[in-house]
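# Remarks on the overall topology
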Amino acid sequence: AAGLDKNGRCIDGLGAMGFGFIEVGTVTPKGQPGNPKPRMFRLPAKDALINRLGFNNEGLPAFLANVQRARSFRAAGGILGLNIGKNAATPIEDAASDYLAGLDGVYPHADYVTVNISSPNTKNLRALQSDAALDALLGALQQRRQQLAAQHGRQVPLFVKIAPDLDLPQVGVIAATLRHNGIDGVIATNTTIARDAVAGLPHAEEAGGLSGRPVFDASNRVIAQLRDALGAGYPIIGVGGVLSGRDAQAKIAAGATLVQVYTG
């Protein structure tokens, strides 16, 4: 997962480093500054980072212009995922409108689309992971995806990015909802709001999502639970606490199909 500079060089640069697929975002329909600074805090003793960026971005039109400037990665066959979210000012009951606008915008340019409903840094966003809310959102996105597929002559896969702070029944509901709505894959996981692994360290109590080494085990637990619930063959992108090749292998062993990095 990556941010995106104004010339698209981030994508092409990461592609030149040998990454097989790159995901950029989260983009929101309208530009927004994100949360007040400071909003990133390193915890080097635990190979960790806390962020509360808050989907800071220049909005969908600027994002798409940047994506289109990133040519060498795509020309070399690189796979590009585009990650969509809702604006902070959009009430949670109207969230679907932002996700639908995002899907409309990124669809022609994406190899897959990620629906980010698990950042802890946009108020109430994680409520979209609950059963009724998730079913309604994914149903609306699937319906729009069918329209866009007919319009563009190609079906772009949809992935949903979920949190590590879920219990087994919640993971089971999410898995069933993904299947019910024909969603192509799941990304496990986003950052955690838990602080047990960094208790007592400087910055440990800062609000935001904790990533790096402390999210590794929680992410693997959710991946394993998803694999049990979804069965063999369902695409799971494993992410969270990957700092080495051995960590990546552990993600695969837990049940991931692919591995992604965002802090390590």
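Note: the structure precedes this text.
Along each chain, residues carry numbers from 1 onward, in the same order as the chain's sequence is written. Per-residue local features of the predicted model are confined to residues with pLDDT of at least 70, and side-chain atom pairs are confined, for both listing and counting, to 80 or more; whole-chain, interface and lining totals are unaffected and use all residues. To obtain the side-chain values, all non-hydrogen atoms of the structure were used and water was disregarded.

## A look at the overall build of the chain
Threshold: Numbering of helices and strands starts at the N terminus; helices are DSSP runs of H or I of at least 4 residues and strands are runs of E of at least 2. We compute the radius of gyration over the C-alpha atoms and compare it with the globule rule, which gives 2.2 Å times the number of residues raised to the power 0.38. Burial classes follow relative accessibility: with a 1.4 Å probe on protein chains only, a residue under 20% of its type's maximum area counts as buried, one over 50% as exposed, and anything between as partly exposed. Two residues qualify as a contact provided that any one of their heavy atoms is within 4.5 Å of a heavy atom in the partner residue. Method for areas: the Shrake-Rupley scheme with a 1.4 Å probe, in which residue coverage is limited to the protein chains shown. The charge count includes Lys and Arg as positive and Asp and Glu as negative, but it does not include His or the ends of the chains. Each charge is placed at NZ for Lys, CZ for Arg, CG for Asp and CD for Glu.
The helix and strand inventory of the chain stands at eight helices and twelve strands. At 17 Å, the chain has a C-alpha radius of gyration in line with the 18 Å of a compact globule built from 264 residues. Taken along the three principal axes of its C-alpha coordinates, the chain extends 55 × 40 × 40 Å. Taken across its 264 residues, the chain has 50% of its residues classed as buried. Partitioning the contacts of the chain with sequence separation of at least 6, the portion at a separation of at least 24 is 71%. Accessible surface, the chain as shown: approximately 11500 Å² in total, 54% of it carbon and sulfur. Each charge class in the chain was averaged separately, 25 positive and 21 negative side chains, and the resulting centres sit 6 Å apart.

## A word on helix α5 (residues 131-152)
The cut-off we apply is this: Multiplying 1.5 Å by the residue count of a helix minus one yields the expected span of that helix. Directions from the helix axis toward the C-beta atoms define the arc.
When the terminal C-alpha atoms of α5 are compared, their 31 Å separation across 22 residues agrees well with the 32 Å that a helix rising 1.5 Å per residue should span. Buried within α5 we find L134, L137, L138, L141, Q142, R145, L148 and A149. Projected down its long axis, α5 shows its buried positions confined to an angular sector of 140 degrees, all on one face. Turned more than 90 degrees away from the buried face of α5, the exposed residues are A132, A136, Q143, A150 and Q151.

## Observations regarding the sheet that holds strand β10 (residues 209-212)
The criterion, for reference: Should DSSP find at least two bridges between two strands, the strands are regarded as paired. Whenever a helix is involved, its axis is fitted only over the stretch in contact; in every case the axis is a line through C-alpha atoms, and angles between N-to-C directions fall within 0 to 180 degrees.
In space, the three strands of this open sheet follow the order β3-β4-β10, with antiparallel pairing throughout. What marks the edges here is a single partner per strand, and that holds for β3 (40-43) and β10. Going across the sheet, the axis of each strand differs from the next one's by a mean of 25 degrees, ignoring polarity. Sheet topology places strand β4 (residues 48-51) next to β10; four bridges connect them, and they run antiparallel. Residue pairing in the sheet places A48 in a bridge with G212 of β10.

## Structural notes on a nonpolar patch on the surface
Quick note on the threshold: In this analysis, a patch consists of residues with relative accessible area above 30% that form no salt bridge, clustered at 9 Å for like charges and at 5 Å for the nonpolar side chains Val, Leu, Ile, Met, Phe, Trp and Tyr. Throughout this description, the term salt bridge denotes a Lys or Arg side-chain nitrogen within 4 Å of a carboxyl oxygen of Asp or Glu.
Among the surface-exposed residues, M17, F19 and V261 lie close enough to one another that they form a single nonpolar patch of about 280 Å² accessible area. The topology assignment puts M17 in the loop between α1 (9-16) and β1 (21-27). A residue is classified by how much of its surface remains accessible, and M17, at 62% relative accessible area, is exposed.

## Some words on the sheet that holds β1
Here we have seven strands laid out as an open sheet, ordered β1-β6-β7-β8-β9-β11-β12, and parallel in their pairing. If you trace the sheet from one side to the other, it starts and ends with β1 and β12 (258-260), each paired once. Ignoring strand direction, the axes of neighbouring strands in this sheet form an average angle of 25 degrees. Where strand β7 (residues 112-116) and strand β8 (residues 158-162) come together, four bridges link them in parallel fashion. Across the sheet, the residue bridging to N116 is K161, located in β8.

## Topic: the pairing of strand β11 (residues 236-239)
Using the following cut-off: For crossovers, right-handed means that the path from the first strand over the helix to the second runs clockwise, given strands pointing away from the viewer.
The alternating pattern of β11 places I236 and G238 on one face and I237 and V239 on the opposite face, and all of these are buried. When strand β9 (residues 185-188) meets β11, the two strands line up parallel, connected through three bridges. Each bridged residue has a counterpart across the sheet, and for V186 the counterpart in β11 is I236. Where β11 meets β12, three bridges bridge the pair, whose relative direction is parallel. Paired with V239 across the bridge in β12 is Q260. Assessed by its sense of winding, the connection that carries the chain from β11 through helix α8 (residues 245-254) to β12 is right-handed.

All we've got here are geometric facts, nothing functional implied.
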